[in-house]
Amino acid sequence: MANNKGGSPGARSPLSLVVAMALCCFFYLLGAWQRSGYGKGDAIAAAINHQAACSDNPSSSSSTAAGLTFETHHGGASTNASSSSPAPPEIFPACAASLADHTPCHDQDRAMKFPRKNMVYRERHCPTAAAGDRRLRCLVPAPAGYVTPFPWPKSRDYVPFANAPYKSLTVEKAVQNWVQYEGAVFRFPGGGTQFPKGADEYIDRLATVVPFSSGHVRTVLDTGCGVASLGAYLDSRGVIAMSFAPRDSHEAQVQFALERGVPAFIGVLGSIKLPFPPRSFDMAHCSRCLIPWGANGGMYMMEIDRVLRPGGYWVLSGPPINWKANHKAWERTEADLAGEQQRIEEYAAVLCWEKVTEINEIGIWRKRSEPCPDRPAEARACDEANQDDVWYKNMEACITPPAGAGAGGELQPFPARLTAVPPRIMSGSVPGFTAESYEEENRQWERHVAAYKKVNYKLNTERYRNIMDMNAGVGGFAAAIFSPKAWVMNVVPAAAELSTLGVVYERGLIGMYHDWCEAFSTYPRTYDLIHGNGIFTLYKDRCKMEDILLEMDRILRPEGTVILRDDVEILLKVQRTVQGMRWKTLMANHEDSPHIREKVLYAVKRYWTAAGEDSEEQKNMDSSSEGKGSED
């Protein structure tokens, strides 16, 4: 008791209390660091990962993961939900309502400054600082009254009028049965200029020659697609079409296609190569697409030959096929049409395409599977070096050499080719990939997608039709998430170390090359789900993170979902940035271990429209607490 110095029993000195508290704090922080393998932002990853695990069961009381809902629930009204998180460092304002359909690289005013020859003015011309163009630093709004598109397959036939409020095609193409305006919706009867009786009847005619049902024709390129009814109706036959058309006087062709849930992009056969590797498509199609096939030394037919697989088909429907019976209806002279068909036949012979048949106004050729022994001596071969390097490369009037010896063998019919080892992998054409490492890559993506579905079980449903993978690799994500209810635009960045898009096509999937420092060739609000694996690491020193995120916001539908895999430090910066873009986010650990630096960021874009920007109701909803459930 003497040593107590008059104090109460059990008393502690102030110094010992400070030391004890310091040790407690130290071991708490150490334990937290050990749980995730990374200190900064660890509480976010650990806590949200635990909450996300609680929603593994789809029958749980809500469709949310840590408050993040993947339902669409606005029902056409201007509902909105807002996070209660602190204000971000930068708030991105809404763009003007007049920019609701802004397509940065296909701007009409900028396009008119370029030459008309070879359709150069219809090609990509993106804003550049050198040209004095300024990139938008605002969020492109949805038009007033925007609603969630109908689920597939209803979306094939009906599009809400408010989502693409343009009636010009209903007038200009009225007799051709493209599209009809019926009050709150557009109806697409499946007609076309060359198939007024409907796309199904037209495809039945093609199927007498082209083996759609066997699975040997899986990927189709539809040039000058209109509203993409061919691709829309091929879907039910297990065939996927990549459709494109320019942004021209016929408003909203490609926009209508994507609203219907059909793969499409804004593009044209002009002076630049198509954004695909050689030997991508099983069939190419032109239905009165207005491309001068016999011009420029056969350059356009040679570009089709480049992307057409050996044994693939080329279908030309309309002028000049069967010109003798149709020249008066086409209001062209017999001599003009006869000369055009003769030039097409001559270039087809140079390319060693076999004329299979003519059915009324449809001509069908087949590209030879074997090398061409009797090609004319004057036919110029393209440079064999780096045939996959096509981004912004000029189109040439030359013939792409066939794949070299030992190219890996023939493709299996679909769907077997989806999981089989592709010829490019078997032949060793993709550095660093063997058959074994390729199969391990696919198993890894199956694990990743299984983990995604635990957080967002809507991935198993019709919720997502139009999906994009921003850094597709060999298509592992698309294969793991494959469903007849959805399709994936597999983008291989021009900055990627490996050119793997050819492998994607050999799997029976589709995609294209793109540089994410620029805008994508599509309209706003055309994708339901965007997936990005390491995309911000890839572009870390190439362009601004904010510009890529703003482009993602432009092409993502209201209430659309984003899934990003990347280093935790990068994702924390992304998470902070998108707080100013009306996104709600959730961070989760890597499914294999919390010690892995790679994390997963889930995000949902809130619903808002241009009309709601100035309304008091919208402002009130924008300041409300977390999102409502599906009962809303």
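Above this text you will find the structure in question.
Since this is a predicted model, take the numbers as computed values, not measurements. (Residues numbered from 1 in each chain as written. Predicted model: local features only at pLDDT ≥ 70, side-chain atom pairs only at ≥ 80, totals over all residues. Heavy atoms only, no water.)

Q: Mind showing me how you'd approach helix α10 (residues 323-330) here?
A: The α-helix advances 3.6 residues per turn, and as a result positions three or four apart in sequence lie on the same side. Within the span of α10, buried status applies to Trp323, Asn326, His327 and Trp330. All buried residues of α10 project into a common sector of 130° when viewed along the axis, lining one side. For α10, exposure combined with an orientation more than 90 degrees from the buried face picks out Lys324, Ala325, Lys328 and Ala329. Glu331 sits one or two residues past α10 and shows a positive phi near 55°. (Buried < 20%, exposed > 50% of the residue type's maximum accessible area, 1.4 Å probe, protein only. Helix = DSSP H or I, 4+ residues; strand = E, 2+ residues; numbered from the N terminus. Arc of directions from axis to C-beta.)

Q: Can you walk me through the side chain of Arg525 in this structure?
A: Looking at the element boundaries, Arg525 is found in the loop between β15 (510-514) and β16 (527-533). At 2.7 Å, the side chain of Arg525 and the backbone oxygen of Ala100 are in polar contact. (Polar contact = N/O pair within 3.5 Å; in protein donor to acceptor, adjacent residues only side chain to side chain.)

Q: Looking at this structure, I do not really get the packing of aromatic side chains. What am I missing?
A: Geometry of an aromatic ring pair is reported as the spacing of the ring centres plus the angle between the planes. A complete count under the given rule lists 21 aromatic pairs for this structure. Seen in terms of ring centroids, Phe265 and Phe276 are 6.0 Å apart; in terms of plane orientation they differ by 75°. Their pairing is edge-to-face. Note that Phe265 is positioned in strand β8 (residues 264-266) and Phe276 in the loop between β8 and β9 (281-287), a separation of eleven residues in sequence. Owing to a relative accessible area of 3%, Phe265 belongs among the buried residues under this scheme. Assessed through its relative accessible area of 0%, Phe276 is described here as buried. Both rings, one in Trp487 and one in Tyr527, keep their centres 5.8 Å apart while their planes meet at 65°; by these two values the pair is edge-to-face. Separated by 40 residues along the polypeptide, Trp487 in strand β14 (residues 487-493) and Tyr527 in strand β16 bring together distant segments of the chain. Note on accessibility: Trp487 and Tyr527 belong to one class, buried. Clustering of aromatic rings is evident, with ring pairs tying together Phe161, Tyr181, Phe186, Phe188 and Phe256. (Phe/Tyr/Trp six-rings, centres within 6.5 Å; stacked < 30°, edge-to-face > 60°.)

Q: Mind showing me how you'd approach the sheet that holds strand β10 (residues 308-317) here?
A: The pairing of strands in a sheet happens through backbone hydrogen bonds and is either parallel or antiparallel. Within the open sheet, the seven strands sit side by side as β8-β7-β6-β9-β10-β12-β11. Their pairing is mixed. Only two strands of the sheet have a single neighbouring strand rather than two, namely β8 and β11 (353-359). Geometrically, the sheet is characterised by an average inter-axis angle of 20° between neighbouring strands, direction not taken into account. In the sheet, β9 pairs with β10 via six bridges, with the strands oriented parallel. When the bridges of β10 are listed, His285 appears paired with Val315. Along the sheet, helix α6 (residues 199-206) contacts β9, β10, β11 and β12 (362-367); its crossing angle with β12, the most-contacted strand, is approximately 50°. (Pairing = 2+ DSSP bridges. Axes fitted to C-alpha atoms, helices over the stretch in contact; angles between N-to-C directions. Contact = heavy atoms within 4.5 Å.)

Q: I keep staring at the pairing of β14 and nothing clicks. Help me out?
A: Along any regular strand, the residues point their side chains to alternate faces of the sheet. With seven of its seven residues buried, β14 lies for the most part within the structure. Where burial is concerned, the two faces of β14 agree: the one with Trp487, Met489, Val491 and Pro493 and the one with Val488, Asn490 and Val492 are both buried. Bridge analysis of strand β13 (residues 466-469) against β14 gives four bridges, and the strand direction is parallel. Paired with Asn466 across the bridge in β14 is Trp487.

Q: For this particular structure, what's the right way to read the pairing of β11?
A: The sheet contact formed by β11 and β12 spans six bridges and is antiparallel. Within β12, the position partnered with Glu354 by the bridge is Arg366. The hairpin turn running from β11 into β12, its antiparallel successor, is two residues long, and Asn360 in that turn takes a positive phi close to 55°.

Q: Can you help me understand the sheet that holds strand β5 (residues 185-187) in this one?
A: Strand order in the open sheet formed by three strands is β3-β5-β4, and the pairing between neighbours is antiparallel. Lying at the two open borders of the sheet, with one neighbouring strand each, are β3 (158-160) and β4 (180-182). The sheet shows a mean angle of 30° between the axes of neighbouring strands, taken without regard to direction. Pairing analysis gives three bridges linking β4 to β5, with the strands arranged antiparallel.

Q: Looking at this structure, I do not really get the nonpolar core. What am I missing?
A: The nonpolar side chains of a soluble globular protein tend to be buried, and buried together. Grouped together as the largest cluster of nonpolar side chains are 135 residues, with contacts concentrated most on Leu221, Phe276, Trp293, Trp314, Phe536 and Met552. Discounting chain neighbours no more than four positions away, the residues touching Trp314 are Ala284, Trp293, Met301, Ile304, Leu308, Ile344, Trp353, Gly363, Ile364 and Trp365. Core analysis: the next-biggest nonpolar cluster, separate from the first, contains ten residues, Ala164, Trp178, Phe186 and Phe256 among them. (Core = buried A, V, L, I, M, F, W, Y, C linked by side-chain atoms within 4.5 Å.)

Q: What should I look at first to understand the state of the cysteines in this one?
A: Covalent bonding between the sulfur atoms of two cysteines is what defines a disulfide. Applying the stated criterion across every chain yields a total of six disulfides. The disulfide partner of Cys286 is Cys289, and the gap between their sulfur atoms is 2.0 Å. Between Cys286 and Cys289 the sulfur-sulfur dihedral comes to about -95°; the bridge is accordingly left-handed. The residues Cys286 and Cys289 share a single accessibility class, namely buried. Put simply, Cys352 and Cys372 are joined by a disulfide, and their sulfur atoms are 1.5 Å apart. Separated by 20 residues along the polypeptide, Cys352 in the loop between α11 (334-350) and β11 and Cys372 in the loop between β12 and α12 (416-419) bring together distant segments of the chain. Both residues of the pair, Cys352 and Cys372, belong to the buried class. (Disulfide = S-S within 2.5 Å.)

Q: In this structure, what is going on with the pattern of salt bridges? I would like to understand it.
A: Two side chains carrying opposite charge are able to pair once their charged atoms lie near each other. Under the counting rule described, the total for this entry stands at 31 salt bridges. Notably, a salt bridge pairs Arg309 with Asp282, separated by 2.6 Å at the nearest N-O pair. Taken as a pair, Arg309 in strand β10 and Asp282 in strand β9 lie far apart in primary sequence, 27 residues in all. We note that Arg309, like Asp282, is buried. When the shortest N-O distance is used, the salt bridge between Arg380 and Glu396 registers 3.6 Å. Of the two residues, Arg380 is situated in the loop between β12 and α12 and Glu396 in the loop between β12 and α12; the sequence distance between them amounts to 16 residues. Judged by relative accessible area, which is 44%, Arg380 ranks as partly exposed. Given the relative accessible area of 36%, Glu396 is considered partly exposed. (Salt bridge = Lys/Arg side-chain N within 4 Å of Asp/Glu carboxyl O.)

Read these as layout, nothing more, since geometry by itself doesn't imply function.
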